[in-house]
Amino acid sequence: MVNYKDPITEKRTNLSLGSYPVIALAKARKLTMEVQELIELSISPKEHRDEKRRQKQSISGHTFLNVTSQWFELKKDSITDDYAVDIWRSFKNTSSLNSKTRQ
């Protein structure tokens, strides 16, 4: 746990680095130094951490299956049921082939 004065809000803030058995002491010290560097640059460590999490989540959210599902939801009302089934089957076959080639 790092207690610091947030450079943006000027309030005292706690930032958890993780629990002891999961985070070794050396790793916690390194993370603390990174937090101090961010503070010196007037960057809120909590905001920085949250932004990195959002970026990771947005990258993982744009998988082939998610994008095709969103596209299909938009298109399914404007096409026939048989064609919709055919398209969805093609998407599923393509995504299963992609996952097999990665393994």
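It should be emphasised that the depicted structure is a prediction, and the values quoted were computed from it without experimental measurement.

A.B. asks: Help me get a handle on the overall build of the protein, residues and values and all.
C.D. replies: Scanning the protein for helices and strands turns up 4 helices and 2 strands. Each helix (α) and strand (β) of the protein, taken in turn from the N terminus, gives the series β-β-α-α-α-α. Radius of gyration (C-alpha) of the protein: 23 Å, far over the 13 Å computed for a compact globule of 103 residues. Counting only C-alpha atoms, the protein reaches 60 × 35 × 20 Å along its principal axes. Relative to its 103 residues, the protein shows a buried fraction of 17%. In the protein, of all internal contacts separated by at least 6 residues, the share reaching a separation of at least 24 is 37%.

A.B. asks: With reference to specific residues and values, describe the packing of aromatic side chains.
C.D. replies: Applying the stated criterion across every chain yields a total of 1 aromatic pair. Seen in terms of ring centroids, Phe72 and Trp88 are 5.0 Å apart; in terms of plane orientation they differ by 40°. Their pairing is tilted. Separated by 16 residues along the polypeptide, Phe72 in helix H3 (residues 64-75) and Trp88 in helix H4 (residues 81-102) bring together distant segments of the chain. Take Trp88: its relative accessible area is 25%, and that puts it in the partly exposed class.

A.B. asks: Give a detailed account of the pairing of strand E1 (residues 2-5), specifying residues and quantitative values.
C.D. replies: The alternating pattern of E1 places Val2 and Tyr4 on a buried face and Asn3 and Lys5 on a face that is not buried. For E1 and strand E2 (residues 12-15), the ladder comprises 4 bridges, and the chain directions are antiparallel. Across the sheet, Asn3 pairs through a bridge with Asn14, a residue of E2. Counted along the chain from E1 to the antiparallel partner E2, the turn is 6 residues long, and its residue Glu10 has a positive phi close to 65°.

A.B. asks: Tell me about the environment of Thr9, and name the residues and values.
C.D. replies: Looking at the secondary structure, you find Thr9 in the loop between E1 and E2. Exposure remark for Thr9: the relative accessible area of 46% places this residue in the partly exposed category. As for Thr9 and Ser44, which are separated by 35 residues in sequence, their C-alpha atoms are 8.8 Å apart.

A.B. asks: Residue-level account of the nonpolar core, with values.
C.D. replies: One finds Val2, Tyr4, Leu15, Leu17, Ile23, Ala28 and Val35 forming the largest nonpolar core, which totals 7 residues. Counting residues per element, the ones that place at least two in this core are E1 and helix H1 (25-40). Not counting the four nearest positions on each side in its chain, Val2 is found in contact with Thr13, Asn14, Leu15, Leu17, Thr32 and Val35.

Rules used throughout
Residues numbered from 1 in each chain as written. Predicted model: local features only at pLDDT ≥ 70, side-chain atom pairs only at ≥ 80, totals over all residues. Heavy atoms only, no water. Helix = DSSP H or I, 4+ residues; strand = E, 2+ residues; numbered from the N terminus. Rg over C-alpha atoms; globule rule 2.2 N^0.38 Å. Buried < 20%, exposed > 50% of the residue type's maximum accessible area, 1.4 Å probe, protein only. Contact = heavy atoms within 4.5 Å. Phe/Tyr/Trp six-rings, centres within 6.5 Å; stacked < 30°, edge-to-face > 60°. Pairing = 2+ DSSP bridges. Core = buried A, V, L, I, M, F, W, Y, C linked by side-chain atoms within 4.5 Å.

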